[in-house]
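A structural walkthrough
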Amino acid sequence: MVLLRPAALATLMSAAAGGGRRRGGGWGVRRCRDPPGVLRILSLPSVPQVRRCSAPPQPVIAAKQPFPVELKAGKKYAWCACGHSKSQPFCDGTHKKAAPGISPLRFTPEEDKTAWLCGCKRTRSPPYCDGTHKEEAVQSAPLSAQP
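Note that the structure is a prediction, hence the values are computed from the model and not measured.

Here's the deal with the overall build of the protein chain
- Scanning the protein chain from N- to C-terminus turns up three helices and six strands.
- Ordered by position in the sequence, the α and β elements of the protein chain form the string α-β-β-β-β-α-β-β-α.
- Of the contacts made within the protein chain by residues no fewer than 6 positions apart, 49% connect residues no fewer than 24 positions apart.
- When the accessible area of the protein chain is evaluated, it comes to approximately 10000 Å², of which 56% is carbon and sulfur surface.

What about the pattern of salt bridges?
- A full pass over the atoms with the stated rule returns two salt bridges.
- Note that Arg124 is salt-bridged to Asp130, the shortest N-O span being 3.9 Å.
- With relative accessibility at 63%, the residue Arg124 sits in the exposed group.
- Of the charged contacts in the structure, one is a salt bridge between Glu135 and Arg124, with a shortest N-O distance of 3.9 Å. Of the two residues, Glu135 sits in the loop between β6 (113-117) and α3 (136-139) while Arg124 sits in the loop between β6 and α3, which places them 11 residues apart along the sequence.
- Salt bridges here are not isolated pairs; linked through shared partners, they connect Arg124, Asp130 and Glu135.

Basis of the calculations
- Residues numbered from 1 in each chain as written.
- Predicted model: local features only at pLDDT ≥ 70, side-chain atom pairs only at ≥ 80, totals over all residues.
- Heavy atoms only, no water.
- Helix = DSSP H or I, 4+ residues; strand = E, 2+ residues; numbered from the N terminus.
- Contact = heavy atoms within 4.5 Å.
- Areas by Shrake-Rupley, 256 points an atom, 1.4 Å probe, with all protein chains shown as cover.
- Salt bridge = Lys/Arg side-chain N within 4 Å of Asp/Glu carboxyl O.
- Buried < 20%, exposed > 50% of the residue type's maximum accessible area, 1.4 Å probe, protein only.

In structure tokens:
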């Protein structure tokens, strides 16, 4: 185990965060580029550093019932996983600003069919509805505020 004096530890942490002072006089700040919620160990010579990121964004409930959709075989679809899309149940790119840590689920059906796509975003078999929307936690939750 390596023991460091507080000043040495501050120097190491500063180096891990993007280096020491910049010409402008401020300390460098390094933004977390990992997906939110990831705990990453940075490897520095003989001393591992830990960097914590904020909690991962959670999807919002877009609807409290599934969406019946006619799917075409071989066509590519992007199911909205964040709940912010105005084109439910499909992605319109809103997640890029509203929920940057959540990406749409892309899928291609193998056959033409009518499918029930999840609207509550809590399904355990995305993008298809599994009945989770019937649970009290979903039914009592507020719907997302669509601007």
